[in-house]
Amino acid sequence: MKLQKPKGTRDFYPEDMAWRQHLCDAWRKVSIRNGFEQVDGPIFERLDLYKVKSGEGIVSELFHFNDRGGRGLALRPEFTPTLARMVADRASSLPRPTKWFCIPNCCRAENPQRGRLREFWQWNIDMLGIDSPVADAEAIFTAVDFFREMGLNSSHLRIKISHRQTVRHILSKLGVGDDRMLAAFELLDRRDKMEPEEFAEAAAPLGLDAASAGRFDEVCRMKYAAGRLDAMREALSIHEQIEDLAALDEQLHAFGIADWCEYDLGVVRGLAYYTGTVFEVHEATGAMRAVAGGGRYDNLIELFDGPSMPAVGFGMGDVVISLVLFDKGLIPEHLAARPDVFIVPVSDAAAARLPGVLADLRSRGLHTRFSYRSTRNLGKLLKEASSLRARYALILDDRLAEARAHLKDMESGEQEEVMLTEVATRVNSHTVVES
RNA sequence: GUGACUGUAGCUCAGUUGGUUAGAGCACGUGGUUGUGGUCCACGGGGUCGGGGGUUCGAGUCCCCUCAGUCACCCCA
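Residues numbered from 1 in each chain as written. Chains lettered and ligands numbered in written order. Predicted model: local features only at pLDDT ≥ 70, side-chain atom pairs only at ≥ 80, totals over all residues. Heavy atoms only, no water.

1. Some remarks on the packing of aromatic side chains
So, step 1. By the definition in use, this model includes 14 aromatic pairs.
So, step 2. Summarising the aromatic geometry, the rings of F141 and F255 are spaced 5.4 Å apart at their centres and angled 35° between planes, so their arrangement reads as tilted. A residue pair is termed long-range when its members are at least 10 positions apart, and F141 in helix α4 (residues 133-149) and F255 in the loop between α10 (243-254) and β10 (261-264) qualify at 114 residues.
So, step 3. For F255, a relative accessible area of 25% puts it in the partly exposed group.
So, step 4. Put simply, the rings of W27, W123, F146, F147, W260, F279 and F314 pair up and form one aromatic cluster.
So, step 5. Of note, R164 hangs over the ring of F185, and the distance from its end group to the ring centre comes to 4.6 Å. (Phe/Tyr/Trp six-rings, centres within 6.5 Å; stacked < 30°, edge-to-face > 60°. Helix = DSSP H or I, 4+ residues; strand = E, 2+ residues; numbered from the N terminus. Buried < 20%, exposed > 50% of the residue type's maximum accessible area, 1.4 Å probe, protein only. Lys NZ or Arg CZ within 6 Å of the ring centre and 35° of its normal.)

In structure tokens, the structure reads:
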């Protein structure tokens, strides 16, 4: 192939596009019923914006370029910096909390793999100006609401939750100083890929001796079901320092989503900017990369020159969730738009009248189609109507002289004579509301 | 960006130790013409075997490079 699409991108043929739209529609629907309002920003930003949060190292992961004035620009790799900029700009006039969602396409100059492409769509929801654990739980609930909407249940996915403060307390108790805390988080994030000796070696400079390092490792590998904080307290021998997690735990129960959640102190999300709750959603067998990730980032808006403003949110890419839904057989088969009416003329005379009838029905809002083939073979034309999954076939025959035609219900096979002027109301009244 | 594996029609794949005009199923198109439906029959379009170069009398089959996909690393905002 001479003209290839760029590495890591996708073409959306009608079937693919129908799925993408279906997914985005579900994201939008769920966002709205959870009280979020849609926003968007530019698809490219000034390169500097991305350095604010992620540092100079981010540049190699970006598609960036200069405009004719020499300004450094970059395609957005995520939406959060844009969001932070937008919020910082109007912070004083925004309601508290402000609940926003968006579904931007984002580009990252990474090496593509299964579940990871160079362009993807990412659902983001954020709640700003509220630091209550209710908000943390509501963010997680919104994700669960979406999963349920798509037919997933708590046996398909695990929401792994940790809390920066809780982990900080544990590390502190094991002897890690505040100045080494960030390094300790990084080590925690990488521990699964390290040999025990290697881990111990890396832990030493953090102020952890062999025994503490071993305990650190052990503690972070343990998982606790939501509601089993007592077990965690017991195992960690910390009794008073996990109020944050306890408050979240209570809310997760109140929202009825505790069965989806477990505490896993190994979840760090690699990000320096998370300040409290952090969570990741994984396929239950752990086979794939994370479906979604998020948490609380109370300092971010300030970092972008805004006021001090607490925030919590998450992001979910279209790629991994689509793989999961495909794996579970949860992608609906028929997503193409269904015609309301398929017009079938039985004669040349009737065919001559077709455009007028078609125009009328379309102007009344009906999805109306006809065949471009020259055949008058009724069987073949109905077959075409059937393969398009049309709800009704409108057969234009000799009754046309009296402005009447036969309307055939393609589901039941029943057919009745109707006046052309009645077709639209007839079809609308019979049409069952479905997505 | 580094390494490993893979690459035949839109999709799923055949293609014998290198040997003549590269096949099947599905999908797609036309026809089976006075007729009521995803069936059936016939015919047809579509591949420079990812691309380029090399070895050879001859390469889809062997070698090199390149591109893309998959996996691991990096990273995962």
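Past the structure itself, the notes keep going.
2. Some remarks on helix α14 (residues 378-387)
The periodicity of an α-helix, 3.6 residues per turn, causes residues three or four places apart in sequence to face the same way.
So, step 1. Among all positions of α14, only L381, L382, E384 and A385 are buried. Taken down its axis, α14 places every buried residue within 155° of arc, on the same side. Residues of α14 that are exposed and angled more than 90 degrees away from the buried face: K383 and S387.
So, step 2. Of the surrounding elements, those touching the buried residues of α14 are β14 (341-345), β15 (368-370), β16 (392-396) and β17 (404-409).
So, step 3. Where α14 begins, the side chain of N377 points an oxygen toward the backbone nitrogen of G379, at a separation of 2.9 Å.
So, step 4. Following α14 by one or two positions, R389 adopts a phi angle in the positive range, close to 65°. (Arc of directions from axis to C-beta. Contact = heavy atoms within 4.5 Å. Polar contact = N/O pair within 3.5 Å; in protein donor to acceptor, adjacent residues only side chain to side chain.)

3. Digging into the pairing of strand β11 (residues 277-283)
So, step 1. Of all the 7 residues making up β11, 7 are buried; the element is thus mostly covered by neighbouring parts of the structure.
So, step 2. Side chains of β11 alternate between two faces, with T277, F279, V281 and E283 and V278, E280 and H282 buried alike.
So, step 3. As judged from the 7 bridges shared by strand β8 (residues 157-163) and β11, these two strands associate in the antiparallel manner. When the sheet's bridge partners are listed, S162 is paired in β11 with V278.
So, step 4. Pairing between β11 and strand β12 (residues 292-296): 4 bridges, direction antiparallel. Opposite F279, over in β12, you have G294 as the bridge partner. (Pairing = 2+ DSSP bridges.)

4. Quick notes on the domain arrangement of chain A
So, step 1. Looking at chain A, the domain boundaries give domain 1 (14-327) and domain 2 (341-430).
So, step 2. For domain 1 and domain 2, the distance between their C-alpha centroids amounts to 53 Å. (Domains from an automatic or database assignment.)

5. Brief notes about the packing of helix α7 (residues 196-203) against helix α8 (residues 210-221)
The relative placement of two packed helices is expressed as an angle between their axes plus a distance between the axes.
So, step 1. Two numbers describe how α7 lies on α8: the axes approach to 9 Å, and their chain directions differ by 115°. Our pair here, α7 against α8, has a crossing hand that is right-handed. Only A213, F216 and D217 of α8 make contact with α7, whose side of the interface consists of F199, A200 and A203.
So, step 2. Within the contact of α7 with α8, the residues separate by chemical class into 5 nonpolar, no polar and 1 charged. (Axes fitted to C-alpha atoms, helices over the stretch in contact; angles between N-to-C directions. Left-handed = near helix turned anticlockwise from the far one by under 90°. Nonpolar A, V, L, I, M, F, W, Y, C, P; charged D, E, K, R; others polar.)

6. Focus: the packing of α4 against α10
So, step 1. Relative orientation of the contacting elements α4 and α10 amounts to 50°, with a least axis distance of 9 Å. Considering the angle they form, α4 stands oblique to α10. Considering only the axes of α4 and α10, their crossing is right-handed. Residues P133, V134, D136, A137 and I140 of α4 pack against A247, L248, Q251 and L252 of α10. (Parallel < 35°, antiparallel > 145°, perpendicular 65-115°, else oblique.)

7. Description of a negative patch on the surface
So, step 1. Taken together, the side chains of E195, E197, E198 and E201 define an acidic patch exposed on the protein surface.
So, step 2. Of note, E198 is situated in helix α7.
So, step 3. Residue class for E198 comes out partly exposed when judged on its relative accessible area of 40%. (Patch = residues over 30% accessible without salt bridge, like charges linked within 9 Å, V, L, I, M, F, W, Y side chains within 5 Å. Areas by Shrake-Rupley, 256 points an atom, 1.4 Å probe, with all protein chains shown as cover. Salt bridge = Lys/Arg side-chain N within 4 Å of Asp/Glu carboxyl O. Lys, Arg positive; Asp, Glu negative; His and termini not counted. Charge placed at Lys NZ, Arg CZ, Asp CG, Glu CD.)

8. Observations concerning α4
So, step 1. The terminal C-alpha atoms of α4 lie 24 Å apart, and with 17 residues this matches the ideal 24 Å at 1.5 Å per residue to within 8%.
So, step 2. The buried fraction of α4 amounts to 13 of the 17 residues, a majority that puts the element mostly inside the structure.
So, step 3. Backbone geometry just downstream of α4 places G151 in the positive-phi region, at approximately 95°. (Expected span 1.5 Å × (residues − 1).)

9. Focus on the environment of R20
So, step 1. Mapped onto the secondary structure, R20 falls in helix α1 (residues 14-33).
So, step 2. Judged by its relative accessible area of 17%, R20 falls in the buried class.
So, step 3. Note: C-alpha distance between R20 and V319 (299 residues apart in sequence) is 9.9 Å.
So, step 4. With near-sequence residues (within four places) excluded, R20 lies in contact with F12 and W121.

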